[in-house]
Protein chains: 2
Amino acid sequence: MLALTILGNNSAIPAFDRNPTAQILQTYEESYLIDCGEGTQMQMTRYKIRRSKLNRIFISHLHGDHYYGLIGLLTSMSLLGRTQDLHLHAPEALEQIIKLQLLVADTHLCYQLHFHPLKSEGIIADDKKMSVECFKVQHRIECWGFLFREKKNPRKLNAERAAIYEIPSAFYDKLQHGHDYVNKKGTIIPNDEVTTAATKAKSYAYCADTIYDENLVHKITGVDLLYHETTYLKDLHERAASRYHSTTHQAASIAKLGNVKKLLIGHFSSKYETLDAFLPEACEVFENTELALEGVCYKI
Amino acid sequence: MLALTILGNNSAIPAFDRNPTAQILQTYEESYLIDCGEGTQMQMTRYKIRRSKLNRIFISHLHGDHYYGLIGLLTSMSLLGRTQDLHLHAPEALEQIIKLQLLVADTHLCYQLHFHPLKSEGIIADDKKMSVECFKVQHRIECWGFLFREKKNPRKLNAERAAIYEIPSAFYDKLQHGHDYVNKKGTIIPNDEVTTAATKAKSYAYCADTIYDENLVHKITGVDLLYHETTYLKDLHERAASRYHSTTHQAASIAKLGNVKKLLIGHFSSKYETLDAFLPEACEVFENTELALEGVCYKI
């Protein structure tokens with residue numbers, strides 16, 4: 001199971017107590033940070049996100065509302081004595097900015113920061129239980145989306161039944177990967193006698209800031225959760241296009257075309273004091289939609 | 001009269017709902033921002049500080065807790081359509097960081113930002129009613145303090161009495177600057193017949209981050225309000241020295257030696273959950289001390 005916690009859901013300027021974009025995707029033992037607007041480290045404290053579990057950070061693009069909080073988070077983790085490695089996946093130019101800011105402060109991080117520049121579409125992280133792909137999205141500057149996929153989970157072992165069949169524990173790993181067992185007498189013990197089906201591997205697609213773009217559809221088809229920006233309500237589709245952003249109807253259309261399980265909408269413009277109109281509009285096109293609300297954890 | 005509003009009073013890492021350093025000094029029609037830790041733009045919104053009145057920003061040094069909020073504030077003011085010029089006084093290297101961050105975002109500020117690098121001690125701003133000097137303080141990296149002085153205020157004119165003496169209004173400006181009036185008959189009208197004394201010009205010294213340093217005393221002697229950092233309580237004077245910071249007793253000693261009217265202490269270490277012990281300790285050495293508390297406006 002994956003769990004996504006929203007730390008910021010606003011676009012450009014912080015307003016009405018809404019913060020710029022940042023999300024935490026919690027996997028098994030680890031967590032990923034997706035974008036890191038100003039104040040993200042304060043939001044992590046507020047919502048009790050453990051920094052020690054954070055091992056990868058993904059930055060979609062270099063507009064400030066998606067990364068101005070990063071340098072503060074990186075240096076705070078150093079001041080707090082972090083020792084584990086940290087992996088940062090981001091547009092190439094970010095490395096120079098970080099190096100310059102550390103240089104002028106005469107600061108050295110006390111942990112290893114591995115910078116992985118985003119260069120081409122494809123797999124960028126391949127952890128034990130998760131893989132992450134990046135894909136290009138259409139925005140005013142270079143911008144990337146991310147697709148997070150759990151790896152196929154192992155089947156659940158029924159140890160009691162395995163013991164009855166006298167299967168040696170050395171074979172348990174193979175059982176969990178679907179193999180049948182053949183005992184000394186040559187009798188086949190079918191796998192489903194001693195295991196049950198694994199929970200389904202889940203997927204999450206994050207589309208960052210993007211204009212309405214049907215080329216996105218094949219990249220996110222069938223995911224369990226799609227995050228698509230909705231900077232504007234549907235009446236402002238012209239403004240959305242001119243600023244390389246999307247509306248409620250456009251986000252919901254991508255979700256519908258991509259046949260995703262659920263849509264999460266966010267990156268609301270600071271022109272909207274309340275968000276009341278966003279959900280009904282999106283639901284006109286794609287019913288299983290939720291608003292990205294700060295502090296809320298969405299189970300995937 | 002000057003008024004100082006504290007937007008952040010914590011050191012290094014945001015903690016216990018305390019934010020990194022930022023202060024607003026309100027003068028007549030304008031306001032100055034002194035340091036700009038992460039989240040300053042949110043704190044300005046929270047405490048209803050009008051950005052339109054902000055015309056100068058002073059950055060003491062390039063440790064993140066004193067400037068990571070600057071780039072977000074600068075770009076937000078542009079997004080909000082600011083047109084007035086803005087003056088930024090800061091260590092030289094900051095200009096390159098800002099330029100690089102604007103470049104990668106393909107962003108141009110829609111107002112004129114004048115960058116004034118801090119190079120030597122002396123007057124750095126000379127506005128109609130205020131002058132600002134910078135002076136060096138001792139910290140781990142290049143660091144500056146700032147001294148804000150109101151200019152001598154004009155005397156208050158009693159227009160009714162001036163009319164009785166038939167003094168032409170063209171002479172009022174001279175009256176406000178202390179001149180006597182001689183009428184056509186050669187009679188001298190003494191200035192204090194038609195004016196009253198001006199309010200006293202006030203002064204504020206901001207000592208940024210500094211180790212205990214008695215060389216500071218002559219720079220801040222006699223000011224109406226002195227802000228001196230107190231990262232630690234008095235028992236941690238060795239840690240304070242090793243990190244180029246100060247304790248309660250040290251800040252209060254500088255205030256006492258400088259014979260200032262009032263001392264304001266801040267930049268509290270994140271190791272302290274509550275601030276209860278700071279004020280009593282400082283008052284042992286210098287009685288007229290106050291804690292810098294976020295959201296509080298201190299009249300000078």
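Relevant structure appears above.
Calculation rules
Residues numbered from 1 in each chain as written. Chains lettered and ligands numbered in written order. Predicted model: local features only at pLDDT ≥ 70, side-chain atom pairs only at ≥ 80, totals over all residues. Helix = DSSP H or I, 4+ residues; strand = E, 2+ residues; numbered from the N terminus. Buried ≥ 20, exposed ≤ 12 C-beta atoms within 10 Å, placed from the backbone. Contact = placed C-beta atoms within 7 Å. Pairing = 2+ DSSP bridges. Axes fitted to C-alpha atoms, helices over the stretch in contact; angles between N-to-C directions. Nonpolar A, V, L, I, M, F, W, Y, C, P; charged D, E, K, R; others polar. Least-squares fit on C-alpha atoms with pLDDT ≥ 70 in both. Parallel < 35°, antiparallel > 145°, perpendicular 65-115°, else oblique. Left-handed = near helix turned anticlockwise from the far one by under 90°. Arc of directions from axis to C-beta.

Focus on the overall build of chain A
Helix and strand content of chain A: 10 helices and 18 strands. The buried share of chain A, reckoned over its 300 residues, is 44%. Within chain A, counting contacts between residues at least 6 apart in sequence, those at least 24 apart form 64% of the total.

Focus on the environment of Gly39(B)
Position of Gly39(B) relative to the elements: it lies in the loop between strand S3 (31-36) and helix H1 (40-46). Counting along the chain gives 221 residues from Gly39(B) to Val260(B), while the straight-line C-alpha distance between them is 31 Å. Look past the residues within four positions of Gly39(B) in its chain and what remains in contact with it is Glu38(A), Gly39(A), Met42(A), Asn19(B) and Gly69(B).

Description of the sheet that holds strand S2 (residues 22-26) of chain B
Residues and elements named next belong to chain B. The strand order S6-S5-S4-S3-S2-S1-S18 describes an open sheet built from seven strands, whose pairing is mixed. Each having just a single partner strand, strand S6 (113-117) and strand S18 (297-299) make up the two edges of the open sheet. Mean inter-strand twist for the sheet, computed between neighbouring axes without regard to direction, equals 20 degrees. Bridge count for strand S4 (residues 54-58) against strand S5 (residues 86-90) is three bridges, and the pairing is parallel. Residue pairing in the sheet places Phe-58 in a bridge with His-89 of S5.

Digging into the interface of chain A and chain B
The interface of chain A with chain B comprises 28 residues on the first partner and 28 residues on the second. Looking at the side of chain A that touches chain B, the elements that each hand over two or more residues are helix H1 (40-46), helix H2 (70-79) and helix H3 (94-104) of chain A. Here the residues of the side of chain A that touches chain B are counted per class, giving 15 nonpolar, 10 polar and three charged.

Looking at the pairing of strand S14 (residues 203-206) of chain B
All names here are of chain B. Side chains Ser-203 and Ala-205 project from S14 onto one buried face, and the interleaved Tyr-204 and Tyr-206 project onto a second face that is buried too. Looking at chain direction, S14 and strand S15 (residues 225-229) are connected through three bridges and run parallel. When the sheet's bridge partners are listed, Tyr-204 is paired in S15 with Leu-225.

Observations regarding the relation of the copies chain A and chain B
In screw terms, the move from chain A to chain B is a rotation of 180 degrees and a rise of 0.0 Å along the axis, fitting with an RMSD of 0.1 Å. Here the symmetry operator amounts to a two-fold rotation axis. Considering only C-alpha atoms, the residue of chain A closest to the rotation axis is Gly39(A), which sits at 2.8 Å. Most of the interface of chain A is mirrored in chain B: 100% of its interface residues are interface residues there too.

A look at the packing of H3(A) against helix H3 (residues 93-104) of chain B
Look at H3(A) against H3(B): their axes get within 10 Å of each other, and the N-to-C directions meet at 165 degrees. Put simply, H3(A) runs roughly antiparallel to H3(B). Regarding H3(A) and H3(B), the two cross each other, and that crossing is left-handed. The residues of H3(B) that touch H3(A), namely those facing Gln96(A), Ile97(A), Leu100(A), Gln101(A) and Val104(A), are Ala93(B), Gln96(B), Ile97(B), Leu100(B) and Gln101(B). Along the lines of polarity and charge, the residues of the contact of H3(A) with H3(B) split into six nonpolar, four polar and no charged.

Points about H3(A)
Along an α-helix, residues three or four positions apart point the same way, because every turn accommodates 3.6 residues. Those residues of H3(A) lying buried are Leu94(A), Ile97(A), Gln101(A) and Val104(A). The buried residues of H3(A) occupy an angular sector of 110 degrees when the element is viewed end-on, so they sit on one face. Pointing more than 90 degrees away from the buried face of H3(A) are the exposed residues Gln96(A) and Lys99(A). On the buried face of H3(A), the contacting elements are H2 and strand S5 (86-90) of chain A together with H3 of chain B. Positive backbone phi, approximately 50 degrees, marks Asp106(A), located one or two places after H3(A).

Side note on the packing of helix H9 (residues 248-257) of chain A against helix H10 (residues 278-285) of chain A
Residue and element names in this part refer to chain A. Two elements in contact, H9 and H10, have axes whose closest approach is 8 Å; the angle formed by their N-to-C orientations is 40 degrees. As the angle between them shows, H9 and H10 are arranged oblique. For the pair H9 and H10, the sense of crossing is right-handed. The residues of H10 that touch H9, namely those facing Thr-248, His-249, Ala-251, Ala-252, Ser-253 and Lys-256, are Phe-278, Glu-281, Ala-282 and Val-285. Residue classes in the contact of H9 with H10 are distributed as five nonpolar, three polar and two charged.

Some points on H2(A)
All names here are of chain A. The element H2 is largely enclosed, with a buried count of eight among its 10 residues. All buried positions along H2 are accounted for by Leu-70, Ile-71, Gly-72, Leu-73, Leu-74, Thr-75, Ser-76 and Met-77. Of the surrounding secondary structure, the elements contacted by the buried residues of H2 are strand S3 (31-36), H1, H3 and strand S6 (113-117). Immediately beyond the C-terminal end of H2, within one or two residues, lies Gly-81, with a positive phi of roughly 85 degrees.

Some words on the pairing of strand S1 (residues 3-8) of chain A
Residues and elements named next belong to chain A. Extensive coverage of S1 is indicated by the burial of five of its six residues. As judged from the three bridges shared by S1 and strand S18 (residues 297-299), these two strands associate in the antiparallel manner. Considered in S18, the bridge of Ala-3 is made with Lys-299. Here five bridges tie S1 to strand S2 (residues 22-26), and the two strands are oriented antiparallel to one another.

A short note on the sheet that holds strand S8 (residues 130-137) of chain A
All names here are of chain A. If you trace the seven strands from one edge of the open sheet to the other, you get S7-S8-S9-S14-S15-S16-S17, paired in mixed fashion. Strand pairing shows two members of the sheet lacking a second neighbour, strand S7 (122-126) and strand S17 (289-291), which therefore form its edges. Across this sheet, the average inter-strand angle for adjacent strands is 20 degrees, counted without regard to direction. Along the sheet, H10 contacts strand S16 (262-266) and S17; its crossing angle with S17, the most-contacted strand, is approximately 165 degrees.

Focus on the environment of Arg161(A)
On the secondary structure map, Arg161(A) appears in helix H4 (residues 159-164). Considering only alpha carbons, one finds Arg161(A) and His116(A), 45 residues apart in sequence, at a separation of 46 Å.

Focus: unusual backbone geometry
All names here are of chain A. Even without glycine at this site, Lys-48 takes up a positive phi of about 55 degrees. Topologically, Lys-48 is positioned in the loop between H1 and strand S4 (54-58). Of note in this structure, His-267 is not a glycine but carries a positive phi near 65 degrees. Within the fold, His-267 resides in the loop between S16 and H10.

Some thoughts on the environment of Phe286(B)
Residue and element names in this part refer to chain B. Position of Phe-286 relative to the elements: it lies in the loop between helix H9 (278-285) and strand S17 (289-291). Using a count of 23 C-beta atoms within 10 Å as the deciding quantity, one classes Phe-286 as buried. Along the chain, Phe-286 and Val-260 lie 26 residues apart, while their C-alpha atoms are 9.7 Å from each other. When residues no more than four places from it in sequence are discounted, the contact partners of Phe-286 are Ala-252, Ala-255, Lys-256 and Leu-263.

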